[in-house]
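The primary structure of each chain is shown beneath.
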Amino acid sequence: MIRFRRHLPLAVVTAITLGACSHQPLHQVGNTLADLPEAQLPPSDLAVSAQDLAQIEAQYRSALSVATHPQVRHQIQVRLADLEMARSEQAQQEARSLTQFFAEPIAHYQQLVEAYATDPQASVATAPDALYYKLAKALALEGRDAEAAAALDELAARFPQSAYLHEAQFRRAERAFAAGDYQQAQQLYRQVAASPASSFADNALYMQGWSAYKLSQYDAAMGNFTQLLDQGFVGVQLPGQVGKALRKMGANQRNLIDDTLRVLSFTYANLDGAQSIAEQQQAIGTRAYQHLLYRELGKLYETQERHLDSADTYARFVNHNPDADLAPDFSIMEIETYQRGGFPSLVLPAKRAFVDRYGVYSSYWQARAGLPQTTSALQARQEIRSKKPRNMSTDALAKLKLYLHELARHHHAEAQRLQAGLAEGGELAPSRADVNRAYLEAADLYQQFIVTFPADSRAGEMNFLMAEAYSESGRTLSALTAYETVAFTRRDPTYGSDAGYSSILLAQQLVEASQTSTGPEADPSVPQAQEPVTSEVWQWQQRKIDNALKFAELYPHDERAVQVLASTAPELMFQGDLTRAAEVARQVITWQPVPAGPLLYSAWLTLGHAEFDQAFYAEAEAAYWQALRLHPEWGSQPGSPSAAELRERIAASLYQQAQQALAADNTDAGIALLLRIERELPNTDIASTALFDAGHAAQMAGDWPLAESLLSRFANLYPNHTLATNIPAKLIVIYEALQAWEKAAALLSQQALASADNPERARQSLLTAAEYYDKAGNWEQARNHYRDYAHAYPEPFNDRLEVEQRLTQMYEQAGDELSRNFWLNRLITSGQQNPTERSRYLGAQAATTLAQGPYQRFRSIALTLPIKSSLTRKRAALDDALAAQRQVLDFNVAQFTTRANFYIGEIYTLLARDLMASERPKELNALELEQYDILLEEQAYPFEEKAIELHEANAQRSFDQLYDDWVAASIESLGKILPARYGKHESTVEAQRELR
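Residues numbered from 1 in each chain as written. Predicted model: local features only at pLDDT ≥ 70, side-chain atom pairs only at ≥ 80, totals over all residues. Heavy atoms only, no water.

Colleague: What is the right way to read the environment of Tyr-213 from this model?
Modeller: Structurally, Tyr-213 is set in helix 9 (residues 201–214). For Tyr-213, a relative accessible area of 17% corresponds to the buried category. Apart from residues lying up to four places away in sequence, Tyr-213 is in contact with Tyr-218, Ala-221, Phe-266, Thr-267 and Asn-270. (Helix = DSSP H or I, 4+ residues; strand = E, 2+ residues; numbered from the N terminus. Buried < 20%, exposed > 50% of the residue type's maximum accessible area, 1.4 Å probe, protein only. Contact = heavy atoms within 4.5 Å.)

Structure follows, in structure tokens:
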């Protein structure tokens, strides 16, 4: 029989063989040898026996023996031949060994063909071409291929319009192809393929391409095969419809398409491979099934162990069709080809390219997911990535997930390897920049995995590993955010607690970095690793605190939770959040199981500080006592206060409680609290202050005896205390209230001596001490203090003036005229140097007092013989007396001016009188004595006139509404000197009274 060459697809051979064995009724024009009218065997379920066939054949033979009409006889002969053919085919199917089955049908068909060929014009055959076809079929089934081919040649020559011509030509082409006459085969196949109505058209077109291929006419072969594919996929517009079209095809057509694709791959391989596909598509237009061309070519290369060519074919499809639905699948085939071919160095870059080309940040993904186009991965990261891209296969998404995971872990491992090499050092050691880049590459891939597959069971793990990679690369802030997501947003059961704890540690790093203004550690050679910290220190501290509190809340069973809380409480206090600091400290204190001693100690200490700073002093005191109780065992860690410092804090808490009580007017409670400090915490710094304040509080409350007791005790216990300087003043106030003037004075005297560095306080203290001694009747101490004051403090003037005045009084009372006169002169000098109303008054008063001495001395000198000598003394005393009185007048104080004027007048009056009353010489006679008296009178007259003038001037002051005892005294003196004028007492008195 005619067979295809071995390289033809088995499916095509099967299709042709089955077509050759089919049949159709006589009244129909068949298209193949199997379509000839023939005797039909009964269905197998009727179980027709061979005996029945023999009976039927016997009947046909009987009919033939009696038939005389040529046409009837011809039909009976055809039936007999068909029955033999059917029986032979059945026998062949049932046979278990090779033998000849078709000798009888061949003989019958040859007889009929020869009858026709002898005289075609006279032949009664209604379908002679069918006889030739059936003969060729029988010969082919018998294996007599040359004779079968000859029969088909004669059929083609005799019946060019026969319905069996296409198959005949097809069989002839097969024979030529089998014989290696590809040129002839190509022409015959072309004739069959040119008729679309022929059932052999597709097979012919297929074999036409093969013929061209055999002739090395690859472009022609490519055109034939492409035409066949175009016919097979007619109506298919989109690549996504190709698969559906293939599923709808029958087995024969599907096999034909598959074989066409396979042989077409041979054609491309003989040209420029995948490039030929691209050029062809560019020339004839893109076909929906073009991906099948690349796929088959890739498979061909791989069967030939040309793995790189195979992978390149898949890659070229992607390059020429970057936006195709199937692009990811072809990239996968490329990667898997590298894997199968043993090219690991190419696998990793290809997987990375896959991620970049189809990942969530790619334009491919964004366009298919209906997301706005972005210009950078950073912007893409800010978009929501919950939409699955349209028409991206499930396998492509699965591979994307796989590759992201593999690439991320690879770069993470590589970063760790580089980091180990960096630690080892050496000339070939990697740089920090290399390490950072590897870690950042891993982190970016982890993040892309998370963004792309947020619901994946490994998303939490990827998030954690991303945080680890960011942290190792110096991207502390990015790492912190990632850790927070794992711990507090995802609350990952596996990695959540570790991530939460890491977030606390990283936040602390950011705090320290902000404090030094250097930012997190970064390699300046790696721009993406630079991460300046712009936030204030307190912001990072707050973030650390928030993370710590969340960590303890969400992961209470983590053994680090209570440690985190214990360290967070003081940080909250440092931040000024005293309420939360106290709450967290109490949480540590009540934690179950009971925390370790150092944690409890820290919590009590923090609670004490927080309560104290919130003015909850009683609570603070209680907390500090607890801390003090734990201190011997747990208070030795660095930064811990000493036991003495804790006692100071307790004392301060008591002190503040006392202040609160005092502010609420609860004096007794306040003093009791202050005295508790001295009693329970006597060695604290504040104990002395507390005792002082207790005394002060008693003083303010008017409890003078208690105040004196407490303050005196303070002075005895703490003589060098800074507050000790206040004790005298306070005791002075107390002594004043108790009217213990001498005690107050003694303290003031001491204070004056101790205040050398404070002249004003020394001055006031000395003056007040003098006054208090004065009040106490201690004349000697008062005088001494006044005197010391007057000599030491010329200023302020008024205070000195009064002290000088008091000294004159005191010396007057003591009868110490000399000392009195000294201070009277000081008053006169003060009045002269600093004339104020008071100083002039006191100066005039002092001058008046001092003037009495010269006046009395003048008055006491009598004019005795020898008169010249006594008069000389008298005149000298006169001058002193007048000078003293004139000194009074210099102060121009009216009260003392009238008195001085009066005494001046009296001085002149006394001088005139003393002259007249002077001792006369005893040796004078009466005349001489008279003359002597006249002479004395002449000497006395001017003085008397002067006295009258002075007294009249003094009396005239009454007209100026100034009338005092000394004006009256002058008038009275005038009355004695000039009784005629001033002796009328009744008139003068009334007149003066009226003037007043």
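Colleague: Could you clarify how one ought to interpret helix 39 (residues 817–833) in this entry?
Modeller: Given 3.6 residues per helical turn, the α-helix brings residues three or four places apart onto the same face. Between the first and last C-alpha of helix 39 there are 24 Å, a value that for 17 residues agrees with the 24 Å anticipated at 1.5 Å per step. Buried within helix 39 we find Ser-819, Arg-820, Asn-821, Trp-823, Leu-824, Arg-826, Leu-827, Ile-828, Ser-830 and Gly-831. Contact partners of the buried residues in helix 39: helix 37 (779–792), helix 38 (797–814), helix 40 (837–860) and helix 41 (867–890). (Expected span 1.5 Å × (residues − 1).)

Colleague: Please clarify how the confidence of the model for the protein chain should be interpreted in this entry.
Modeller: It should be kept in mind that the predicted coordinates are not to be read in detail where pLDDT is low. Residues of the protein chain with pLDDT of at least 70 account for 88%, and the chain-wide mean is 83. Predicted confidence is poor over residues 521–533, with pLDDT under 50, and the contacts of this stretch with residues over four places away or in other chains come to 34 contacts. Counting contacts from residues 987–996, a segment whose pLDDT is below 50, to residues more than four positions away or on other chains yields eight contacts. (pLDDT = per-residue confidence, 0-100.)

Colleague: Help me understand unusual backbone geometry, please; the structure alone is not making it clear to me.
Modeller: Backbone geometry follows two general trends: most residues other than glycine have a negative phi, and most peptide bonds adopt the trans configuration. Residue Pro-796 is reached from Glu-795 by a cis peptide bond, and omega for that bond is -5°. Examined against the element boundaries, Pro-796 turns out to sit in the loop between helix 37 and helix 38. With an omega of -5°, the peptide bond running from Leu-865 to Pro-866 counts as cis. Position of Pro-866 among the secondary structure elements: in the loop between helix 40 and helix 41. The backbone phi angle of Asn-391 is positive, close to 60°, even though this residue is not glycine.

Colleague: Please explain the packing of helix 34 (residues 727–738) against helix 35 (residues 741–754) as it appears in this structure.
Modeller: Any two packed helices are characterised by the angle at which their axes cross and by the distance between the axes. Contact geometry of helix 34 with helix 35 gives a least axis separation of 8 Å together with a crossing angle of 160°. The angle between the axes of helix 34 and helix 35 places the two elements in the roughly antiparallel class. Considering how the two elements wind past one another, helix 34 and helix 35 form a crossing that is left-handed. Across the interface between the two elements, Pro-728, Ala-729, Leu-731, Ile-732, Tyr-735 and Glu-736 from helix 34 touch Trp-741, Lys-743, Ala-744, Leu-747, Leu-748 and Gln-751 from helix 35. Grouping the amino acids of the contact of helix 34 with helix 35 by side-chain chemistry returns nine nonpolar, one polar and two charged. (Axes fitted to C-alpha atoms, helices over the stretch in contact; angles between N-to-C directions. Parallel < 35°, antiparallel > 145°, perpendicular 65-115°, else oblique. Left-handed = near helix turned anticlockwise from the far one by under 90°. Nonpolar A, V, L, I, M, F, W, Y, C, P; charged D, E, K, R; others polar.)

Colleague: Would you take a moment to explain a negative patch on the surface for this structure?
Modeller: There is a patch of like negative charges on the surface, built from Glu-937, Glu-938, Glu-944, Glu-945 and Glu-949. Among the residues examined, Glu-938 registers a relative accessible area of 52% and is labelled exposed. (Patch = residues over 30% accessible without salt bridge, like charges linked within 9 Å, V, L, I, M, F, W, Y side chains within 5 Å. Areas by Shrake-Rupley, 256 points an atom, 1.4 Å probe, with all protein chains shown as cover. Salt bridge = Lys/Arg side-chain N within 4 Å of Asp/Glu carboxyl O. Lys, Arg positive; Asp, Glu negative; His and termini not counted. Charge placed at Lys NZ, Arg CZ, Asp CG, Glu CD.)

Colleague: How do you make sense of the packing of helix 40 against helix 42 (residues 894–916) when you look at a structure like this?
Modeller: Running from N to C, helix 40 and helix 42 point in directions that differ by 10°, and their axes come no closer than 10 Å. As summarised for this structure, helix 40 and helix 42 are arranged roughly parallel, according to the angle between their axes. Contacts between helix 40 and helix 42 involve Tyr-841, Ala-844, Gln-845, Thr-848, Gln-852, Tyr-855, Phe-858 and Arg-859 on the former and, on the latter, Gln-895, Phe-896, Arg-899, Tyr-903, Glu-906, Ile-907, Leu-910 and Leu-911. Among the residues forming the contact of helix 40 with helix 42, the class breakdown is nine nonpolar, four polar and three charged.

Colleague: Sorry, what's going on with the packing of aromatic side chains here?
Modeller: Both the distance between ring centres and the angle between the ring planes are used here to describe each pair of aromatic rings. Within the structure shown, the criterion is met by 31 aromatic pairs. Through pairs of rings, three or more aromatic residues link up here, namely Trp-210, Tyr-213, Tyr-218 and Phe-266. The ring of Trp-741 carries Lys-775 above its face, with NZ or CZ at 4.1 Å from the centroid. Between the NZ or CZ atom of Lys-874 and the centre of the ring of Phe-858, over which it lies, the distance is 4.3 Å. (Phe/Tyr/Trp six-rings, centres within 6.5 Å; stacked < 30°, edge-to-face > 60°. Lys NZ or Arg CZ within 6 Å of the ring centre and 35° of its normal.)

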